[in-house]
Amino acid sequence: MSLLFSANHFPLFQPGSAEDLKDPCPVFDGDTWHVFGSSGNVRNEKWNILHATAPDLYGPWTEHDPVALPIHGSGVAAPGVIHEHGVFHMFVQTEFMKSGGRCEHAISRDGFVWEVQQPALCAVPNTGEDGIYDPHPAIIAGQRYLVYSGMPAFSKVPQPDIYLARSMSDSWFGPWKRIGKILDHADVPHHNAREHPDYEWGIEGAQLLELPDGRILLNATCFLPEGERGSRQRVFFALADRPEGPYRSLGPVLDPGEAGENGHSTALLTGEELTLFYQSRKCATNNLWRYGIARFDLKQDVFSAAPPHVASAA
């Protein structure tokens, strides 16, 4: 199902030098909007950590030097950032195209100068978390969580599912207890199955958000089982009564409107309005990834129209 968005602004801005902008994570520090993400190109999968600021979510956006962190990996990108008590906490992957990887943690007072802490999570060899990536922090019912993609060892294409960890302290410094898998391929009927003859990718870009009525919104990216490559990636929502699930999928929620696709996004709540800050590529952007913003009113009872599919609990 596609939600009835009251506004959809795309593209939001043009990058200064990078070809593609992906994995947006907007954060408000009480005075200024920051967006962190991945800037680079999909041709060779070379990425930097984007940082841009604006007085308003719609801009105008000023792009700054990429965030430079003294961490190593072939896929340092896709930061998930939260601002709490005057401090930015960034959780960032180190790999996404191969096994291994860490969920690194860095802190900053201003969003520009960062101090790397101990890794929050590391991959667990020969398990469903043989590789981990796309971490995103969330506060739900006063508890701190990290939701992320975990994938078993693979020979051709990564097949990640969605996993969850909870901080065992009253802080973002952990230690982190792995809760386990909260969403599997088999739980998402609008996602390409593992045995699909033209399997493209797994479930990724997950985020958890506590809704005003206490339900949990899972915002993530799937790959449709039909269509040509370059047109199958979609943002989808799922609902649950608790962070661990079980989740009920609403299906893809944002129609590209023309040949193209959309993916990795961050959802924000302002009163009864939900804002989706997403990535998309279309013919209008020469198939280059750009950011967009879509909004809709939560007073619409769209969630009650969700199909009766319930994902299994962890």
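Scroll up to find the structure this text is about.
Described below are features of the structure shown in this document. Everything numeric here is computed off the predicted structure, so don't read it as measured data.

## Observations regarding the overall build of the chain
Thinking step 1. Scanning the chain from terminus to terminus reveals zero helices and 21 strands.
Thinking step 2. Rg of the C-alpha trace for the chain: 18 Å, near the compact-globule value of 20 Å for 314 residues, within the 12% margin.
Thinking step 3. Taking the principal axes of the C-alpha coordinates as reference, the chain spans close to 45 × 45 × 40 Å.
Thinking step 4. A total of 314 residues make up the chain; the buried ones form 58% of that total.

## Focus: unusual backbone geometry
Thinking step 1. A cis geometry characterises the amide bond from Gly 59 onward to Pro 60, with omega recorded as 5 degrees.
Thinking step 2. Looking at the secondary structure, you find Pro 60 in the loop between β4 (46-54) and β5 (62-63).
Thinking step 3. Put simply, Gly 174 and Pro 175 share a cis peptide bond, and its omega is 5 degrees.
Thinking step 4. The residue Asn 126 is not glycine, and still its phi comes out positive at about 60 degrees.
Thinking step 5. Examined against the element boundaries, Asn 126 turns out to sit in the loop between β10 (121-122) and β11 (131-140).

## Some points on the layout of surface pockets
Thinking step 1. One number sums up the size of the largest pocket: a volume of about 540 Å³.
Thinking step 2. What lines the largest pocket is a set of 24 residues, among which Lys 22, Glu 45, Phe 96, Trp 201 and Glu 204 lie closest to the centre.
Thinking step 3. Those elements giving two or more residues to the lining of the largest pocket turn out to be β2 (20-28), β6 (77-84), β11, β19 (260-270) and β20 (273-282).
Thinking step 4. Of the residues assigned to the lining of the largest pocket, the class counts are ten nonpolar, five polar and nine charged.
Thinking step 5. Here the second largest pocket is characterised by a volume of approximately 390 Å³.
Thinking step 6. What lines the second largest pocket is a set of 18 residues, among which Val 81, Ile 82, Pro 137, Leu 209 and Leu 268 lie closest to the centre.
Thinking step 7. Counting residues per element, the ones that place at least two in the lining of the second largest pocket are β2, β6, β11, β15 (204-210) and β19.

Conventions and cut-offs
Residues numbered from 1 in each chain as written. Predicted model: local features only at pLDDT ≥ 70, side-chain atom pairs only at ≥ 80, totals over all residues. Heavy atoms only, no water. Helix = DSSP H or I, 4+ residues; strand = E, 2+ residues; numbered from the N terminus. Rg over C-alpha atoms; globule rule 2.2 N^0.38 Å. Buried < 20%, exposed > 50% of the residue type's maximum accessible area, 1.4 Å probe, protein only. 1 Å grid on protein atoms, 1.4 Å probe; cavity = no way out; pocket = protein on both sides within 12 Å on 5 of 7 lines; lining within 4 Å. Points joined across faces, edges and corners; volume = space filled by probe spheres on them. Nonpolar A, V, L, I, M, F, W, Y, C, P; charged D, E, K, R; others polar.

Shape is all these values report; function is a separate question.
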